[in-house]
Amino acid sequence: MTASAEPRLTDIGPPHYEKYLHPLIKKNYGQWRYHENLAPGVYCHIAESGDRIYTVRAGTPRLLSIQTLRIFAGLADKYSGGYLRFTSRNNLEFLLDDPARIEPLKRELIALGYPVGGTNNAISNIVHTQGWIHCHSSATDASGLVKCVMDAVYDRFTHEDLPAKLRIAVACCLNMCGAVHCSDIAILGVHRLPPKIQPTLTKVCEVPTLIAACPTGAIRPATVDGKNSVAVVEQQCMYCGNCYTVCSAMPMNDADNDGLSIWVGGKVSNARSAPKFSKLAIPFLPNHPPRWPEVVEAVVKIVEVYAQHARKYERVGEWIERIGWPRFFQLTGFEFTRYHIDDFKHAALTYARSAHVRY
Ligand code: SF4
Ligand code: SF4
């Protein structure tokens, strides 16, 4: 009989997160009492044991080159024992056990062009999706647009002078890989036309798979030039791009008709009021790269009006509910259109919805 072999590793997966925890976090795991805000972008967490850990937060462009990652890793080695992490909104956080290193780290980050801030009543980094750089179904870019918006609200990242925290999200199509459903201000790329069926469809795509890929049943079998093909019922298409994912002969992108919409008032927090879904503020803005001036102007307008009119600790959605939507449209100057009326046939359900988990 042969000796039994070593068990084979078939699913390696990610390493256990504990392996990368800062020693102080590991030591005090689950035993943190409270935190103090030392300055914009700088926190101190205090454990039951009295241990203190300091966090320095900086903004990043999210899409990072190897060179940039090496810079961040070098800073972590120099100041924070090699420990850093990325937040879900792509902020970079260095974890320090020595407060004397906070200021030198901040100085070096700022000199390299990475602003320190994004905590408390500031605008945090913008969580966003892949955009033109990576995703086939995007109606707009993501990181390029985020850069333009963050350039315009830079001081709101580095200063904590808003009524409450303000979270912005970008998703480049309605599939929404970003957090646009639950952010104070959300920018959402929109397609306005169904996919364009290409003559090559019958050569490159499997028709039954394509029909099955449509979540709304908008794709029907059709005969084109005597060959099996498909037709799209436009009224049933919600421009999700799922068909394009399985069939490259159904492209969605349209330089003239794709654009952006702006949504407001979402939040995940259940402080003061239940979590809320974002609601439509502007149904369509044109796609004007490389600086998207219309979108930047609209976001800045919402931020400024909110900063001026909201009460302390009021999130955007809470502020709008207090003053009423008509007043929001008056203050911002945005046009109220028929697209703001939710006439979806299940609207009765959507009116009553929040992001609150119910059992
Ligand atoms: Fe792709 Fe849409 Fe996700 Fe953007 S939001 S990355 S276009 S699926
Ligand atoms: Fe169906 Fe989505 Fe394709 Fe429209 S875009 S036809 S809804 S799969």
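Quick notes on the rules
Residues numbered from 1 in each chain as written. Chains lettered and ligands numbered in written order. Predicted model: local features only at pLDDT ≥ 70, side-chain atom pairs only at ≥ 80, totals over all residues. Heavy atoms only, no water. Helix = DSSP H or I, 4+ residues; strand = E, 2+ residues; numbered from the N terminus. Buried < 20%, exposed > 50% of the residue type's maximum accessible area, 1.4 Å probe, protein only. Contact = heavy atoms within 4.5 Å. Salt bridge = Lys/Arg side-chain N within 4 Å of Asp/Glu carboxyl O. Pairing = 2+ DSSP bridges. Near = heavy atom within 4 Å. Nonpolar A, V, L, I, M, F, W, Y, C, P; charged D, E, K, R; others polar. Arc of directions from axis to C-beta. Axes fitted to C-alpha atoms, helices over the stretch in contact; angles between N-to-C directions.

Trainee: Whenever I open this one, the environment of Asn-175 confuses me. Can you help?
Mentor: Secondary-structure assignment places Asn-175 in the loop between strand S7 (168-171) and strand S8 (185-190). Asn-175 sits in the partly exposed class, given a relative accessible area of 43%. Between the C-alpha atoms of Asn-175 and Gly-241, which are 66 residues apart in sequence, the distance is 8.4 Å. When residues no more than four places from it in sequence are discounted, the contact partners of Asn-175 are Ser-137 and Cys-240.

Trainee: What exactly am I supposed to notice about the pattern of salt bridges here?
Mentor: Pairs can form between side chains of opposite charge once their charged atoms are near each other. Tallying each qualifying case throughout the model produces 17 salt bridges. Of the charged contacts in the structure, one is a salt bridge between Arg-57 and Glu-93, with a shortest N-O distance of 2.8 Å. Residue Arg-57 is found in strand S3 (residues 52-58), and its partner Glu-93 is found in strand S5 (residues 92-96); the two are separated by 36 residues along the sequence. Take Glu-93: its relative accessible area is 3%, and that puts it in the buried class.

Trainee: How should I be thinking about the pairing of strand S1 (residues 32-39) in this particular structure?
Mentor: Along any regular strand, the residues point their side chains to alternate faces of the sheet. Where S1 and strand S2 (residues 42-47) come together, 6 bridges link them in antiparallel fashion. In the sheet register, Asn-37 faces S2, and the bridge partner there is Tyr-43. Hairpin connection of S1 to S2: 2 residues between the antiparallel strands, including Gly-41 at a positive phi of 85 degrees.

Trainee: Looking at this structure, I do not really get the site of ligand 1. What am I missing?
Mentor: Taken together, the neighbourhood of ligand 1 is formed by Thr-129, Gln-130, Cys-135, Ser-137, Ser-138, Cys-172, Cys-173, Asn-175, Met-176 and Cys-177. Here the residues of the shell around ligand 1 sort into 5 nonpolar, 5 polar and no charged.

Trainee: Sorry if this is basic, but what is going on with the pairing of strand S10 (residues 227-232) here?
Mentor: Where strand S9 (residues 219-224) and S10 come together, 6 bridges link them in antiparallel fashion. Of the residues in S10, the one forming a bridge with Ile-219 is Val-232. Counting the residues that bridge the hairpin from S9 to S10 gives 2 residues, and of these Asp-225 lies at a positive phi of roughly 50 degrees.

Trainee: Got a minute to help me understand helix H3 (residues 102-111) in this structure?
Mentor: For an α-helix the count is 3.6 residues per turn, leaving residues at separations of three or four pointing the same way. Those residues of H3 that sit buried are Ile-102, Leu-105, Lys-106 and Leu-109. An end-on view of H3 places all buried positions within 100 degrees of arc, on one side of the element. Exposed side chains of H3 directed beyond 90 degrees from the buried face belong to Arg-107 and Ala-111. Packing partners of the buried residues in H3 comprise S1, S2, S3, helix H2 (66-79) and S5. Of the residues one or two after H3, Gly-113 is the one with positive phi, at around 95 degrees.

Trainee: Mind showing me how you'd approach the sheet that holds strand S6 (residues 127-128) here?
Mentor: Sheets are built from strands paired through backbone hydrogen bonds, the pairs being either parallel or antiparallel. Pairing is mixed across the open sheet formed by 5 strands, whose spatial order is S6-S7-S8-S11-S12. The strands lining the two open edges of the sheet, one partner per strand, are S6 and strand S12 (279-286). In this structure, S6 lies alongside S7, joined through 2 bridges in parallel fashion. By the bridge assignment, His-128 is partnered in S7 with Val-170. Together, strand S11 (259-264) and S12 form the strand contacts of helix H11 (residues 325-332), whose direction differs from that of S12 by roughly 35 degrees.

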